[in-house]
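Residues per chain, in single letters:
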Amino acid sequence: MTKLERIAILTSGGDAPGMNAAIRAATLVARAAGVEVLGIERGYRGLLDDAFIPLGPTEVGSILREGGTMLGSARCKEFHDRAVRDRARAVLRARGVGGLVVIGGNGSLTGAQALVDPDEAGPEPVRVVGIPASIDNDLGLTGLSIGVDTAMNTIVEACDKIADTATAHDRTFIIEVMGRDCGYLAMTSAIAAGADLALFPEAGRDEATVVDSIVDTVLAVRQRQRRSRRVIIIKAEGVAIPIDRLKAMVDARLAERVPGSDPSVIETRVTVLGHVVRGGRPSAFDRLLGSRLANVAVRGLLAGATLKMAAWMPPVDLPDEIATRSPADPYCWLVDLGAVLAETENLLRGRSPLARWRAGAFDDIEDALLL
Ligand code: F6P
C-alpha cells in the first residue's frame, strides 16, 4: 500500500449544513497524520478547472458554525462522460493527489465511483472515500446523511410558526418541503411538527387519492370538538403534483363537500419552503456527524481504504465484505460504495425493505391520527 502524502477534499451537489464540519475534521485529521491537504473549489467542476487551495488549521479554523460549504459546490453533468473523467484523473495526477474525499449525495458519490473505476483508471488510481451529505437522506446504508438534522429543524420551526396562524384562523396549510424524490424529510418533520398528514412519493398515491386524503383529513379534523381545527399537511416535493394545482383541486372538492362554507376559512393556504430548508447554521448534531464521519473517512483512506463511504449506523445488518466497523468510532462504519449506490437506487424505487417500512409505518401513523 502506498503511503499517502497529499489528499484532496471536494464538496459536490446540493450543499448541506454540516459540510464545513466535515471539511474541517478531514483537514485536521489528515494534517495530524502528516498528510498535506488540498481543497477543490466548486466540486468536480473545480477539479476540471484545476481550482485547488491549500487547507490547514488556519483555513478551516472558523468554518464549523457556517452553513453551506467553504469550498463551494456545483453539479457537473459532464462527469458522465469518460473523456471528462480522464481529464479529472490527469489533474489529480499532476497535483500529486493520492487520496480524495468526496462529500456529497447520490450523484456526487456516483461520480467518485466512476473516477476510480478500475476499467478506466488504470493501475494505482487515486483512492477515494465518500462522506454522505444531502438534506434529502436518500443515500442507502447510512442511517443519516449530513444536513438532514438541520433541515428537519428548519422545517419544524417553520411549521410551528405556520401552526400559530393556522390555529388562529382554523385554516388548512399545505407546506411543501425539499427532498427531491425521497419523502424522508416530509415524513420525519411531519412527526416532529405534529402535522395531520404527510404526502410522500414512496406511498405511490395517484393524484385523485392524494386529493381525497387531504379532503378527508380536513373534514375529520373539522368535525372534532376541539378549540382548534387547524390542519397542517406536509407535502414532499417528490409528490409530483404542482402545489397550485393541488390547492385548486382540494379547494374545489372542499367547496363541494361543505356547501355554503366561508371560503376564507375552508380554502387551503400553501407555503413552499424551498431552499430555506437547505440553508442556515448547522445544528449541533450535524456538526458532530460531519466531524465523526470525516474522522472515520480520512483514517480509512490513510489506512488504504478505497471505494468506501463512511456511514452513520447503517440501518440493516450488513455482511463483512460490505461493511466494516471503524476502530475510530463505534457508531461509524466504512461501507462499500458500490453497495451504497445499489441500495440508494432500491430505496428511491421503493424496492428496499427500508423504503417499504417507511411507507408502511406512515400508514399506521395516519390511521392513528384520524381517530
Ligand atoms: O438534493 C438536495 C436538493 O436540495 C433537493 O432537495 C432539491 O430537489 C434539489 O437539491 C434542488 O436543487 P437546486 O438547488 O439545484 O435547485
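You'll find the structure just up there.
One structure accompanies this document, and this report is about it. (Residues numbered from 1 in each chain as written. Predicted model: local features only at pLDDT ≥ 70, side-chain atom pairs only at ≥ 80, totals over all residues. Heavy atoms only, no water.)

### What to know about helix H12 (residues 284-302)
In a regular helix each residue adds 1.5 Å, so 19 residues correspond to 27 Å; H12 covers 27 Å between its end C-alpha atoms and thus fits that length. Within the span of H12, buried status applies to Asp286, Leu289, Gly290, Ser291, Leu293, Ala294, Asn295, Val296, Ala297, Val298, Gly300 and Leu301. (Helix = DSSP H or I, 4+ residues; strand = E, 2+ residues; numbered from the N terminus. Expected span 1.5 Å × (residues − 1). Buried < 20%, exposed > 50% of the residue type's maximum accessible area, 1.4 Å probe, protein only.)

### A look at the packing of aromatic side chains
How two aromatic rings sit relative to each other is set out by the distance from centre to centre and by the angle between their planes. Counted according to the given criterion, the structure contains three aromatic pairs. By way of ring pairs, the aromatic residues Phe285, Trp312 and Tyr331 are connected into one cluster. (Phe/Tyr/Trp six-rings, centres within 6.5 Å; stacked < 30°, edge-to-face > 60°.)

### Points about the state of the cysteines
Under the counting rule described, the total for this entry stands at zero disulfides. As a non-bridged cysteine, Cys159 has Cys182 as the owner of its nearest cysteine sulfur, 17 Å distant. The exposure class assigned to Cys159 is buried, which follows from its relative accessible area of 2%. The exposure class assigned to Cys182 is buried, which follows from its relative accessible area of 2%. (Disulfide = S-S within 2.5 Å.)

### Here we look at the side chain of Asp286
Following the sequence through the fold, Asp286 ends up in helix H12. At 8.6 Å, Arg287 is the nearest oppositely charged side chain to Asp286, a buried residue that forms no salt bridge. Within the structure, Asp286 has its side chain in polar contact with the backbone nitrogen of Gly147 (distance 3.0 Å). Filtering out sequence-adjacent residues up to four positions away, Asp286 remains in contact with Pro17, Gly18, Ala21, Ser145, Ile146, Gly147, Val148, Asp149 and Thr150. (Lys, Arg positive; Asp, Glu negative; His and termini not counted. Salt bridge = Lys/Arg side-chain N within 4 Å of Asp/Glu carboxyl O. Polar contact = N/O pair within 3.5 Å; in protein donor to acceptor, adjacent residues only side chain to side chain. Contact = heavy atoms within 4.5 Å.)

### Some remarks on unusual backbone geometry
Its identity as a non-glycine residue notwithstanding, Asp170 has a phi of 55 degrees, on the positive side. The topology assignment puts Asp170 in the loop between helix H7 (148-169) and strand E6 (172-177). One non-glycine residue, Arg180, lies in positive phi territory at about 50 degrees. Here Arg180 is to be found in the loop between E6 and helix H8 (184-193). On the basis of relative accessibility, which here comes to 42%, the residue Arg180 falls in the partly exposed class.

### Side note on the packing of helix H1 (residues 19-32) against H12
Close contact between H1 and H12 brings their axes to 7 Å; oriented N to C, the two are set at 35 degrees. In this structure, H1 meets H12 at a crossing whose hand is right-handed. For the pair H1 and H12, the contacting residues are Ala21, Ala22, Ala25, Ala26, Val29 and Ala30 in the first and Asp286, Arg287, Gly290, Ser291, Ala294, Asn295, Val298 and Arg299 in the second. (Axes fitted to C-alpha atoms, helices over the stretch in contact; angles between N-to-C directions. Left-handed = near helix turned anticlockwise from the far one by under 90°.)

### Examining the pattern of salt bridges
Summed over all chains, the structure comprises 21 salt bridges. In this structure, the salt-bridge partner of Arg89 is Asp86, at a minimum N-O distance of 2.7 Å. Within this pair, Arg89 and its partner Asp86 are both found in helix H4 (residues 82-94), separated by three residues, close to a single helical turn. A relative accessible area of 7% means that Arg89 is categorised as buried. A salt bridge links Asp216 to Arg257; the shortest N-O distance between them is 3.5 Å. Of this pair, Asp216 sits in helix H9 (residues 207-222) while Arg257 sits in helix H10 (residues 243-257), and the two are 41 residues apart along the sequence. Judged by its relative accessible area of 36%, Asp216 is partly exposed.

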